[in-house]
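Structure assessment
So the chains spell out like this:
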Amino acid sequence: MTTSLLSPDIREHIDKWILRYPPEQKRSGVFEALRVVQQKNNGSLTVELMDAVADYLGITKIAVYEVATFYSLYNIHPVGTHVIDVCTNISCSLNGAGEVVERLKERLGINFNETTADGKFTLREVECLGACIAPPVCQIGHKYYEKLSPEKIDKILGEL
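Rules used throughout
- Residues numbered from 1 in each chain as written.
- Predicted model: local features only at pLDDT ≥ 70, side-chain atom pairs only at ≥ 80, totals over all residues.
- Heavy atoms only, no water.
- Helix = DSSP H or I, 4+ residues; strand = E, 2+ residues; numbered from the N terminus.
- Buried < 20%, exposed > 50% of the residue type's maximum accessible area, 1.4 Å probe, protein only.
- Contact = heavy atoms within 4.5 Å.
- Areas by Shrake-Rupley, 256 points an atom, 1.4 Å probe, with all protein chains shown as cover.
- Lys, Arg positive; Asp, Glu negative; His and termini not counted.
- Charge placed at Lys NZ, Arg CZ, Asp CG, Glu CD.
- Salt bridge = Lys/Arg side-chain N within 4 Å of Asp/Glu carboxyl O.
- Arc of directions from axis to C-beta.

1. A few points about the overall build of the protein
A count of helices and strands for the protein gives seven helices and five strands. The principal-axis extents of the C-alpha atoms in the protein amount to approximately 50 × 35 × 25 Å. By residue count, 43% of the 160 residues in the protein fall in the buried class. For the protein, the proportion of contacts with a sequence separation of at least 24, taken over those separated by at least 6, is 60%. Surface exposure of the protein reaches about 9100 Å², of which carbon and sulfur atoms provide 53%. Of the charged side chains in the protein, 17 are positive and 21 negative, and the gap between their average positions amounts to 5 Å.

2. Considerations on the pattern of salt bridges
If you walk through the whole model with that rule in mind, you get eight salt bridges. Residue lysine 16 pairs with glutamate 12 through a salt bridge whose shortest N-O separation is 3.2 Å. Of the two residues, lysine 16 and glutamate 12 both sit in helix 1 (residues 8–18), four residues apart, roughly one turn of that helix. Residue glutamate 12 is classed as partly exposed on the basis of its relative accessible area, which comes to 44%. Of the charged contacts, one joins arginine 124 and aspartate 85 as a salt bridge, the two residues approaching to 2.6 Å between their closest N and O atoms. One end of the pair, arginine 124, is in strand 3 (residues 121–126); the other, aspartate 85, is in strand 1 (residues 82–87), with 39 residues separating them in the sequence. Taken individually, arginine 124 and aspartate 85 each receive the classification buried, so the pair is uniform in this respect. Because the salt bridges share partners, they merge into one network encompassing Arg103, Arg107 and Asp154.

3. Side note on helix 1
If you check which residues of helix 1 are buried, you get Ile10, Ile14 and Ile18. What you see down the axis of helix 1 is that its buried residues fit within an arc of 60 degrees, all on one side. Facing away from the buried side of helix 1 by more than 90 degrees, the exposed set consists of Pro8 and Lys16. Next to the buried residues of helix 1 lie helix 2 (30–40) and helix 3 (47–57).

The values reported here are purely geometric and, on their own, carry no functional implication.
Listed below in structure tokens is the structure:
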């Protein structure tokens, strides 16, 4: 059984989390289970870890894969220390996201869905970060950066 891939502290965390739901609704814990497993695995998931989550929650593997591949907060490939998600939706695009993206690509030497050779940065394009009030925006880790410009990108990268 693949659940042995989940450390005791991860299993304990999942057990506490699923107490929020009716016993027959363990599937409701899949989001948090994937989040904590990913965090403990240097920011990404593997098929083996997703299978372990499915086995532990007693749900189908496909149910876990559907969640992990649909939501951009899960990484099914190794990522850099800093994952930079850049919104390129209409509000951000109309307010300079293209220039921000070009500066990021230039400075990092990578394209979308690539990681720098030193493993420090991964650059991703996302549909929306829900911060249309202050475009263009990006998210790095859990922090949002708003009203971006190429100059602000230089400052942010310098601080990282």
